[in-house]
Amino acid sequence: MPDRVYPDGTSGPFPAPPTTDTDQSGREIEYRVVEKFAGEALEDTVEMYVEFDPTDRAQGIPPTGEERIRNWLEAIAESSVNVVARHGEDVVGHAVLVPDVDDPAAVGDVGEIEWELAIFVLQAYQESGIGTQLLKHLLGHADELGIRHVWLTVERWNTPAIALYERVGFEPTGTESFEQEMGILLE
Amino acid sequence: MNVLLGLAGSDESITALRRTIDRTSEIGDDLTVAVLEKADTERSQEEMYRQAEKLLSEAEVDAELERLQGDPGASLVDYAEQGEFDQLVIGGGTISPMGKIQLGSLTEFVLLNAPTTVKLVR
């Protein structure tokens, strides 16, 4: 059973990928599930994080430097759920859920465990609605898989990010410290 | 340097204890170890006290060892204010499944309220 507190009510429904739409700057953006986070899909995402401005790092992630970025993504690749935003050939946003268990291979029902969420959008693509869409599509895909409990932490002073999470249905949970913990319950 | 180490019952506290002992033997700082009363930790105050006693004696480091009662943050900061310490050391920072670093409320309280420089051992 989940350790954390979740909202009483559920959120959703959310759109499921794949979707293509136009962002607020007129760019055509595709939201797509990454079934296997390896090979080219992994490399394209590594490339996005190499381009990522370190001023937008949060609580130590993404790491900096190609090797450390690749190690981080490979470490979470195996059992994570990934949705990316693509503009043409490039990955410009990445949203991911990681199971909060010691042994992901032993998980029977994904709806019984908790999943930690993170989302990053490349600076040139921020403030154009991509983050909201990407987040909704990750939750839509999670819902399809049967995932119910999703949590995250966000730096308490990051009000734009907190506002984004609240818009889709996340609620503040847990004790307050430097990071605000938030949770959402899917249908 | 006159160093005060605050220990709760977490694994991070054990790391902080080991590193501080290593540094004390190397540099020859004056060390005081305050064992805090904190609920919901891996080790009780008594277990932590005995662990500190054991590691200090194994390393042949001569340190003051104290138990502090009451709220862990407030009692540690209060103790730091009573003495003449140059630095307050605590362990903190856990890693989430995603790889995010998370600092707890005790860490935040000590960083914001301590009268001295605070060293956070990760």
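Residues numbered from 1 in each chain as written. Chains lettered and ligands numbered in written order. Predicted model: local features only at pLDDT ≥ 70, side-chain atom pairs only at ≥ 80, totals over all residues. Heavy atoms only, no water.

Looking up chain B in an unreviewed UniProt entry gives the name UspA domain-containing protein, with the organism given as Natronococcus jeotgali DSM 18795.

## Structural notes on the overall build of chain B
A tally of helices and strands in chain B yields four helices and seven strands. Mapped from its N terminus to its C terminus, chain B presents α and β elements in the order β-α-β-α-β-α-β-β-β-α-β. The globule rule puts the C-alpha radius of gyration for 122 residues at 14 Å, and the 13 Å found for chain B is close to it. Along the first, second and third principal axes, the C-alpha set of chain B runs to 40 × 30 × 25 Å. (Helix = DSSP H or I, 4+ residues; strand = E, 2+ residues; numbered from the N terminus. Rg over C-alpha atoms; globule rule 2.2 N^0.38 Å.)

## Some remarks on the UniProt feature "coiled-coil region" (unreviewed entry) in chain B
When the UniProt feature table is mapped to this numbering, "coiled-coil region" (unreviewed entry) covers residues 42-69 of chain B. A distance of 18 Å separates the end C-alpha atoms of residues 42-69 of chain B, which is 50% helix and 14% strand. (UniProt positions renumbered as here; feature names shortened; annotations may be inferred.)

## Here's the deal with the sheet that holds strand S3 (residues 64-67) of chain B
Strand pairing in a sheet relies on backbone hydrogen bonds. The paired strands run either parallel or antiparallel. Residue and element names in this part refer to chain B. Read across the sheet, five strands follow the order S3-S2-S1-S4-S7 without closing on themselves; strand pairing throughout is parallel. The strands lining the two open edges of the sheet, one partner per strand, are S3 and strand S7 (117-121). Pairwise comparison of adjacent strand axes, ignoring direction, gives a mean angle of 20° for this sheet. Here strand S1 (residues 2-7) runs beside strand S2 (residues 30-35); their pairing, made up of six bridges, is parallel. Following the sheet pairing, Asn-2 is matched in S2 by Asp-30. Docked against the sheet, helix H2 (residues 45-58) engages S1, S2 and S3, running at close to 175° with respect to S3. Relative to S1, helix H3 (residues 72-82) is tilted by about 165°, and along the sheet it contacts S1, S2, S3 and strand S4 (87-91). (Pairing = 2+ DSSP bridges. Axes fitted to C-alpha atoms, helices over the stretch in contact; angles between N-to-C directions. Contact = heavy atoms within 4.5 Å.)

## Examining the environment of His-141 of chain A
Residues and elements named next belong to chain A. Relative to the elements of secondary structure, His-141 occurs in helix H3 (residues 130-145). Since its relative accessible area comes to 9%, His-141 is described here as buried. Along the sequence, His-141 and Pro-15 sit 126 residues apart, while their C-alpha atoms lie 7.8 Å from each other. Residues within four places of His-141 in sequence aside, it is in contact with Pro-17, Val-33, Val-81 and Val-83. (Buried < 20%, exposed > 50% of the residue type's maximum accessible area, 1.4 Å probe, protein only.)

## As for the sheet that holds strand S5 (residues 114-121) of chain A
All names here are of chain A. The strand order S1-S2-S3-S4-S5-S6-S8-S7 describes an open sheet built from eight strands, whose pairing is mixed. In this open sheet, the two edge strands, each paired with only one partner strand, are strand S1 (19-22) and strand S7 (171-173). Adjacent strand axes in the sheet meet at a mean angle of 30° when their direction is disregarded. Taken strand by strand, helix H1 (residues 39-51) contacts strand S2 (28-34), strand S3 (81-87), strand S4 (90-99) and S5, and its axis lies near 105° from that of S4. The sheet contacts of helix H4 (residues 159-168) involve S5, strand S6 (149-155), S7 and strand S8 (179-185), and relative to S6 the element is tilted by about 160°.

## Here's the deal with the UniProt feature "domain: UspA" (unreviewed entry) in chain B
Look at the UniProt record and you will see "domain: UspA" (unreviewed entry) annotated at residues 3-122 of chain B. Between the first and last C-alpha atoms of residues 3-122 of chain B the distance is 17 Å; the span itself is 42% helix and 24% strand.

## Focus on the interface of chain B and chain A
Across the boundary between the two partners, chain B contributes twelve residues, which contact 19 residues of chain A. For the pair chain B and chain A, the two sides together bury roughly 1400 Å², of which 58% comes from carbon and sulfur. Looking at the side of chain B facing chain A, the largest losses of area belong to Pro-97, Met-98 and Lys-100 of chain B, adding up to 53% of the total buried there. Where chain B packs against chain A, one counts one salt bridge. The shortest N-O distance in the salt bridge between Glu-108 of chain B and Arg-156 of chain A comes to 2.9 Å. Elements with a contribution of two residues or more to the side of chain B that touches chain A: strand S6 (101-102) and helix H4 (105-113) of chain B. The element that contributes the greatest number of residues to the side of chain B that touches chain A is H4 of chain B, accounting for three residues. When the residues that make up the side of chain B that touches chain A are grouped by side-chain class, the tally is five nonpolar, five polar and two charged. (Buried area = accessible area lost by both parts, 1.4 Å probe. Salt bridge = Lys/Arg side-chain N within 4 Å of Asp/Glu carboxyl O. Nonpolar A, V, L, I, M, F, W, Y, C, P; charged D, E, K, R; others polar.)

## Describing the packing of aromatic side chains
In total, this model carries six aromatic pairs over all chains according to the counting rule given. Arranged with centres 5.3 Å apart and planes meeting at 80°, the rings of Tyr-49 of chain A and Trp-72 of chain A form a pair that is edge-to-face. With Tyr-49 of chain A in helix H1 and Trp-72 of chain A in helix H2 (residues 66-77), this pair connects stretches of sequence that are 23 residues apart. Like Trp-72 of chain A, Tyr-49 of chain A is buried. An aromatic cluster is defined as three or more aromatic residues linked by ring pairs; in this entry it consists of Tyr-49, Phe-52, Trp-72 and Phe-120 of chain A. Sitting above the plane of the Trp-151 of chain A ring, Arg-4 of chain A keeps its charged end 3.7 Å from the centroid. Over the aromatic face of Tyr-49 of chain B sits the side chain of Arg-67 of chain B, whose NZ or CZ is 3.6 Å from the ring centroid. (Phe/Tyr/Trp six-rings, centres within 6.5 Å; stacked < 30°, edge-to-face > 60°. Lys NZ or Arg CZ within 6 Å of the ring centre and 35° of its normal.)

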